[in-house]
Protein chains: 2
Amino acid sequence: MHSAPLKVGDLARQTGLSVRTLHYYEEIGLLSPSHRTASGHRMYSAGDVARLQQIKSLRELGFSLEQITACLDKPGFSPLQTIELHLSRLREQIALEQRLCARLEGLAHVLRAGEDVSVEQLLQTIEVMTMIEKYYTPEQLAELKQRAEAIGPEKMREAESAWKTIYDDMRAEMQNGSDPKSEPVQQIVKRMRVLIDAFTGKNPEIERSLNRMRQQEPAMRDQHGMDPELHEFIGKAMR
Amino acid sequence: MHSAPLKVGDLARQTGLSVRTLHYYEEIGLLSPSHRTASGHRMYSAGDVARLQQIKSLRELGFSLEQITACLDKPGFSPLQTIELHLSRLREQIALEQRLCARLEGLAHVLRAGEDVSVEQLLQTIEVMTMIEKYYTPEQLAELKQRAEAIGPEKMREAESAWKTIYDDMRAEMQNGSDPKSEPVQQIVKRMRVLIDAFTGKNPEIERSLNRMRQQEPAMRDQHGMDPELHEFIGKAMR
DNA sequence: CTTGATCCTCACGCTACGTGAGGACCTAGC
DNA sequence: GCTAGGTCCTCACGTAGCGTGAGGATCAAG
């Protein structure tokens, strides 16, 4: 009536584990076969198989072999507490990975937009992203992301090139020796206003964050071929 | 103008890494200090520091040290593809962990309901849960879960005890020798119907799954003190 | 009796470092 | 010049959960 004891290979096939795994489980005292033949071959009884099933169940729940050993061998063991601890850690890890996922998605998005995906481009994008995350609150970032999706990628590229022409025009005015308060310069400032409002959504908090970042991060300016004099000139023009 | 080279301890403090980590990065050829003193002390230049910053950025994105080495040292390297691969694996892992989380939550929920949280209780609950997951499709499980939440835990416990009295009453009828088709037995069947409908939500798919499980899993019956004769009797009564 | 499958133990490999051990070097104060 | 405390060096073992051989014994079938 009782099933015959199994050899390692048979048990391995039956459970889908490897022979090495069963050896290891014995090595750490988690599952020892209840019998050995005279020649030293392991013989697993039905009870051993049942225990292995339990081990597999607990493994699928993500417990470590050490925890499983404690759970199965210590008599007064509280599983609920262990599970809750395990759960809290798992939830934390998921939250962490989701944040990471969001960052990677953003990164992939940016890289897909530009065609050159060199390592330098990657590293600079990362740098910009971490910098951005430093200056904006998570809520602001969510708002920015939402607005970016509403606007669409073509409009984003248009804005990108609009900034370039604005900088070119500004530089031309500066090299002409124009007064920052003069009419043609103020016209360019109006074009900047439109773009900035499109970016910030006229949210004053976001505009403050943007200004803080522009002031404190010299690396940001280099991106668009911005030099200190031009920066100074634009600063005057915007007042 | 250029910053002085740093010793390991200084670099470690500056980056928040450990000295051992920096030693290790050199060991695997990821970051070697560009100079050593005559006595063998490592001296990290500003360029080394910059490279370390890049390494840190890529590490925060979850890349392995081997991937980072490849990324930084091979000239023709496509980051986008790597990131997308990384992303897909990460998303898969998150999905896996979320399923695991749901299972652990269900487990914790069941364990909190009953007061005895012994290891046997835990293992039996796991067994029942995996069995349930085998017979119902994920959509059906979601439906069941939703209904369970709508009903609330007290009603669940009421249903639990209602089942017990139904089994008791049925057993009494059986031991009285009643005909399964007789009026009092059919009254009990009606009470069963109500409970089953409450569980299945009158969804015929779910009822089919339930019947399949009841037929194929003898272990399920033992839970409520069900024996083969009683099972047989109830089967006749329900036709 | 041979042959191929299976079994045994031993032992190194993997990741990304932590944690000493034992000894050389550096800087400050005396 | 000497000492003391801090910092540096290399070497080497430990982690979790096995994978992957090496080299040899045992088993079941023909």
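Everything here concerns the structure above.
Everything in this summary refers to the structure shown in the same document. Being a predicted model, the structure only gives us computed values, none of them experimental.

About the cut-offs
- Residues numbered from 1 in each chain as written.
- Chains lettered and ligands numbered in written order.
- Predicted model: local features only at pLDDT ≥ 70, side-chain atom pairs only at ≥ 80, totals over all residues.
- Heavy atoms only, no water.
- Helix = DSSP H or I, 4+ residues; strand = E, 2+ residues; numbered from the N terminus.
- Rg over C-alpha atoms; globule rule 2.2 N^0.38 Å.
- Buried < 20%, exposed > 50% of the residue type's maximum accessible area, 1.4 Å probe, protein only.
- Contact = heavy atoms within 4.5 Å.
- Near = heavy atom within 4 Å.
- Polar contact = N/O pair within 3.5 Å; in protein donor to acceptor, adjacent residues only side chain to side chain.
- Nonpolar A, V, L, I, M, F, W, Y, C, P; charged D, E, K, R; others polar.
- Salt bridge = Lys/Arg side-chain N within 4 Å of Asp/Glu carboxyl O.
- Expected span 1.5 Å × (residues − 1).
- Arc of directions from axis to C-beta.
- Least-squares fit on C-alpha atoms with pLDDT ≥ 70 in both.

1. Topic: the overall build of chain A
- If you tally the helices and strands in chain A, you get twelve helices and three strands.
- The globule rule puts the C-alpha radius of gyration for 239 residues at 18 Å, and the 32 Å found for chain A is more than 25% above it.
- Taken over the C-alpha atoms alone, chain A extends approximately 100 × 35 × 30 Å along its principal axes.
- The proportion of buried residues among the 239 residues of chain A is 36%.
- Long-range pairs, those at least 24 residues apart, make up 54% of the contacts in chain A with a sequence separation of at least 6.

2. Describing the protein's contact with DNA strand D
- The environment of DNA strand D is formed by 19 residues, the closest being Ser18, Thr21 and Arg59 of chain A together with His23 and Arg42 of chain B.
- Among atoms of DNA strand D positioned within 4 Å of the protein, sugar and phosphate together represent 75%.
- For DNA strand D, a phosphate oxygen lies 3.2 Å from a polar atom in the side chain of Tyr25 of chain A.
- The greatest single-element share of the surface near DNA strand D, amounting to four residues, is contributed by helix α2 (residues 19-27) of chain A.
- Class assignment of the residues belonging to the surface near DNA strand D gives a composition of four nonpolar, nine polar and six charged.

3. As for the pattern of salt bridges
Residue and element names in this part refer to chain A.
- Applying the stated criterion across every chain, the model contains 24 salt bridges over all chains.
- Glu26 serves as the salt-bridge partner of Arg42, at 2.5 Å between the closest nitrogen and oxygen. Separated by 16 residues along the polypeptide, Arg42 in strand β3 (residues 42-44) and Glu26 in helix α2 bring together distant segments of the chain. No difference in accessibility class separates Arg42 from Glu26, as the two residues are buried.
- Across the salt bridge formed by Glu143 and Arg147, the nearest N and O atoms sit 3.3 Å from each other. Pair noted here: Glu143 and Arg147 are both in helix α7 (residues 138-151), with a separation of four residues, about one helical turn.
- Note on Glu143: relative accessible area 26%, which makes it partly exposed.
- A cluster of three or more residues bridged by salt bridges with shared partners is formed by Glu26, Arg36 and Arg42.

4. A word on helix α9 (residues 183-200) of chain A
All names here are of chain A.
- Spanning 18 residues, α9 covers 25 Å between terminal C-alpha atoms, matching the ideal 26 Å at 1.5 Å per step.
- When we look at burial in α9, the residues that qualify are Val185, Ile188, Val189, Met192, Leu195, Ile196 and Thr200. Each buried residue of α9 lies within a common arc of 125° when the element is viewed along its axis, so the set occupies one face. When the buried face of α9 is taken as reference, the exposed residues oriented beyond 90 degrees from it are Glu183, Lys190 and Val194.
- Where α9 terminates, the next one or two residues include Gly201, which has phi positive at roughly 65°.

5. A closer look at the relation of the copies chain A and chain B
- Note on the identical chains: chain A maps onto chain B by a rotation of 180° and an axial translation of 0.1 Å, with an RMSD of 0.3 Å. Here the copies are linked by what is in effect a two-fold axis. Among all C-alpha atoms of chain A, that of Ile94 of chain A lies closest to the rotation axis, at 3.3 Å.

6. Re the protein's contact with DNA strand C
- Around DNA strand C sit 19 residues, and of these Gly9, His23 and Arg42 of chain A together with Ser18 and Arg59 of chain B come closest.
- Backbone sugar and phosphate groups make up 73% of those atoms of DNA strand C lying within 4 Å of the protein.
- Arg36 of chain A is positioned such that a nitrogen or oxygen atom in its side chain is 3.2 Å from a phosphate oxygen of DNA strand C.
- Among the elements of the structure, α1 (8-15) and α2 of chain A together with α2 (19-27) and α4 (65-73) of chain B are those that each provide at least two residues to the surface near DNA strand C.
- The element that contributes the greatest number of residues to the surface near DNA strand C is α2 of chain B, accounting for four residues.
- Partitioned by chemical class, the residues of the surface near DNA strand C number four nonpolar, eight polar and seven charged.

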